[in-house]
Amino acid sequence: MIQIYHNQRCGKSRNCLLVLQESNKKIEIINYLNTPPTVDELTALLQKLNLSPIELVRQKEQIWIDNFKGKTLTENEIIQAMAENPILIERPIVVNGNKAIIGRDLEKVIPFI
């Protein structure tokens, strides 16, 4: 089953979800703002994405600017910040088995699924 970490207020996330729905594959929609991933879940996602924690952070979000920008943070502290403030997580994330991508570029999503 394909999972999408989705934010219904984000146009790119809505477009990605539409592509997934049109694929007629089973999908699980995870509204990560209402059900934030835990530190362990974020760590597993980062491994599937093959990204460092900072690469998954939306660094232009006001929460990041006000609370974290310019600070020296460990990877664990960055993951904890995302777990506590899920709006900081880049979106959408599409998970297929033990691999994942950030689904902002629909040209990459189609072959991925």
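That block above? That's the structure.
Because the structure is predicted, anything quoted here is derived from the model rather than measured.

Q: How should the nonpolar core be read in this particular structure?
A: In terms of nonpolar packing, the biggest core is built from 21 residues, with Tyr5, Leu42, Leu56, Met82, Ile89 and Ile93 touching the most fellow members. At the level of secondary structure, the elements contributing two or more residues to this core comprise helix 2 (39-49), helix 4 (75-84) and strand 3 (93-96). A total of five residues in this core trace back to one element, the largest contributor, which is helix 4. Among residues more than four places away in sequence, those in contact with Met82 are Leu42, Pro53, Leu56, Val57, Leu88 and Ile89. Core analysis: the next-biggest nonpolar cluster, separate from the first, contains 11 residues, Ile2, Leu17, Ile101 and Ile113 among them.

Q: I keep staring at the state of the cysteines and nothing clicks. Help me out?
A: In a disulfide, the sulfur atoms of two cysteines are covalently bonded to one another. Scanning the entire structure with this criterion turns up zero disulfides. The thiol sulfur of Cys10 is not disulfide-bonded, and the nearest other cysteine sulfur, from Cys16, lies at 9.5 Å. On the accessibility criterion, Cys10 (7% relative accessible area) is buried.

Q: I keep staring at the sheet that holds strand 1 (residues 2-6) and nothing clicks. Help me out?
A: Backbone hydrogen bonds hold the strands of a sheet together, and the pairing may be parallel or antiparallel. Strands sit in the order 2-1-3-4 across an open sheet of four strands; the sheet is mixed. Each edge of the open sheet carries a strand with a single partner, namely strand 2 (27-31) and strand 4 (99-102). Looking at each pair of strands side by side, their axes are set apart by 20° on average, direction ignored. Across the sheet, helix 2 touches strand 1, strand 3 and strand 4, and the angle it forms with strand 4 is around 85°.

Calculation notes
- Counting restarts for each chain, with residues numbered from 1 along the sequence as it is written.
- The model is predicted, so local features are restricted to residues of pLDDT at least 70 and side-chain atom pairs to those at 80 or more, both for listing and for counting; the totals for chains, interfaces and linings are taken over all residues.
- Hydrogens are left out, water is left out, and the side-chain values use all remaining heavy atoms of the structure.
- The definition of a nonpolar core used throughout is a set of buried Ala, Val, Leu, Ile, Met, Phe, Trp, Tyr and Cys residues joined through side-chain atoms within 4.5 Å.
- A 1.4 Å probe rolled over the protein chains alone gives each residue an accessible area, and that area as a share of the maximum for its type sets the label: buried under 20%, exposed over 50%, partly exposed in between.
- Helix and strand assignments follow DSSP, with helices taken as H or I runs no shorter than four residues and strands as E runs no shorter than two, numbered in order from the N terminus.
- Throughout, a contact is declared for two residues whenever any of their heavy atoms are within 4.5 Å.
- Counting rule for disulfides: a pair of cysteine sulfur atoms within 2.5 Å.
- Two strands pair under a simple rule: DSSP has to find at least two bridges between them.
- Convention adopted: a line fitted to C-alpha atoms gives each axis, helices being fitted over their contacting stretch, and angles between N-to-C directions are expressed from 0 to 180 degrees.

Such coordinate-based values are descriptive only and should not be taken to indicate function.
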